[in-house]
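Listed here are the chains, written in short residue letters.
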Amino acid sequence: MLVDWQWYGKYNTPEADITRWAQQISMPEIISYAGSKNVKIILWLYSSDVNRNSAYKTAFPLYNKWGIAGVKIDFMDRDDQQMVNWYHDIIKCAAENQLLVDFHGAYKPDGIIRTWPNMITREGVMGNEYYKFSDRMNPEHNVILSFTRMLAGQMDYTPGGFLNVRRDQFKPQTPTLVWNTRAAELSKFVVYESPLTVVCDHPDNILNQPGADFLKIVPTVWDDIRFLGGYPGEFVSIAKRRGDLWFIGVMNNSKSKTVEIKLDFLINDTGFIIDSWSDTSNSGKEPKEIKKDRKNISSGEIIKIKMSENGGYVAVISGK
């Protein structure tokens, strides 16, 4: 669970102290309660507060003693040599203190995870934040990301906006909206790669809502990945395996279409069950609508997926 901005009071100020929690909260109580639910805590940090007087060298050992799992550092917004060197210093210090790192406001991946695998994910993308507070985003952009930015590595896109609306209904506001279908939003959890996936909506907007049951079962790390089809800006279809389960994610652009998927990646066929979450015939008008279905399938079978404009599809395949 991410404890977000202002947990240590005012940020990006000379007085900011990342070693002390704000007076209105109790960090020990938060950590203890999270632990009782088998949840670990990640702390958000503003980059200038981390860097000021090398504060991280004191803070990171302290976080380790608290039982913190990692840090999400934000607003670097540069990729010059000095900043790149700073990334290395941060990741190394975090590793020495058994902390994972998520860089937000970051430049694109550069392979450093091969040296420091505690660098779990980073932003480096115009992601769901922009979908929520600007008109610069569109479904075509989201499809293109899987063919471009995703090739560089993990991507902290922050999927999970459940206040889905049509394009003509969208406006920057609080609570924040996204103009695609619920099924399209679910597809990001399969299509996009991020071992640490940060969900970008308030729990009250997600709990007990259609599609929330899929978020409870979709993994963030995988044993196998298959590209099933697509074209930049049109659609993308990907299958990922975790253990004995296959997950499928299909993401569409702003034009409704039918996509065919061949299930030839399934082997040792004694029959399979596919549970799917898909657009409905009315999703173009009511983007929150989603259809859940279960049926029997066989290896090599071709399934046809009807997707709404700005739509998507997800499924999980299990053995009988």
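Since we're looking at a predicted model, the values are computed, not measured.

### Brief notes about the pattern of salt bridges
Taken as a whole, this structure holds twelve salt bridges when the rule is applied. For the salt bridge of K92 with E96, the shortest nitrogen-to-oxygen distance reads 2.6 Å. Of the two residues, K92 and E96 are both situated in helix α4 (residues 81-96); the distance of four residues between them amounts to about one turn of the helix. Classification of K92 by relative accessible area gives partly exposed; the value is 38%. With a shortest N-O distance of 3.0 Å, R166 and D168 are connected by a salt bridge. Judged by relative accessible area, which is 26%, R166 ranks as partly exposed.

### What about the layout of surface pockets?
One number sums up the size of the largest pocket: a volume of about 1,900 Å³. Looking at the lining of the largest pocket residue by residue, the class counts come to 25 nonpolar, twelve polar and twelve charged. Reported here for the second largest pocket is a volume of approximately 390 Å³. In terms of lining, the second largest pocket is formed by 16 residues, of which the most central are S278, K291, K304, I305 and K306.

### Observations concerning the sheet that holds strand β8 (residues 245-252)
Taken together, six strands build an open sheet; the order of strands is β6-β7-β8-β13-β10-β11 and the sheet is antiparallel. For this open sheet the edge positions go to β6 (224-231) and β11 (291-297), each flanked by a neighbour on one side alone. Between one strand and the next, the sheet's axes are offset by a mean angle of 15°, whatever the strand orientation. Here β6 runs beside strand β7 (residues 235-242); their pairing, made up of seven bridges, is antiparallel. In the strand pairing of β7, Y231 is matched with F235. Taken strand by strand, helix α7 (residues 182-191) contacts β7, β8, β10 (272-278) and β13 (312-319), and its axis lies near 125° from that of β8.

### Thoughts on the pairing of β8
A large share of β8 lies buried, amounting to seven of its eight residues. As paired strands, β7 and β8 are joined by eight bridges and run antiparallel to one another. Looking across to β8, one finds that K240 is bridged to F247. Between β7 and β8, which pair antiparallel one after the other, the connecting turn spans two residues, and G243 there sits at a positive phi close to 65°. As paired strands, β8 and β13 are joined by six bridges and run antiparallel to one another.

### Here we look at empty space enclosed by the protein
Counted under the stated rule, the structure contains three cavities of 30 Å³ or more. Looking at the largest cavity, its volume works out to about 60 Å³. As for the largest cavity, its lining consists of M155, D156, Y157, T158, P159, K188, F189, Y192, S194, L196, T197 and V198. In terms of residue class, the lining of the largest cavity is built from seven nonpolar, three polar and two charged.

About the cut-offs
- Residues numbered from 1 in each chain as written.
- Predicted model: local features only at pLDDT ≥ 70, side-chain atom pairs only at ≥ 80, totals over all residues.
- Heavy atoms only, no water.
- Salt bridge = Lys/Arg side-chain N within 4 Å of Asp/Glu carboxyl O.
- Helix = DSSP H or I, 4+ residues; strand = E, 2+ residues; numbered from the N terminus.
- Buried < 20%, exposed > 50% of the residue type's maximum accessible area, 1.4 Å probe, protein only.
- 1 Å grid on protein atoms, 1.4 Å probe; cavity = no way out; pocket = protein on both sides within 12 Å on 5 of 7 lines; lining within 4 Å.
- Points joined across faces, edges and corners; volume = space filled by probe spheres on them.
- Nonpolar A, V, L, I, M, F, W, Y, C, P; charged D, E, K, R; others polar.
- Pairing = 2+ DSSP bridges.
- Axes fitted to C-alpha atoms, helices over the stretch in contact; angles between N-to-C directions.
- Contact = heavy atoms within 4.5 Å.

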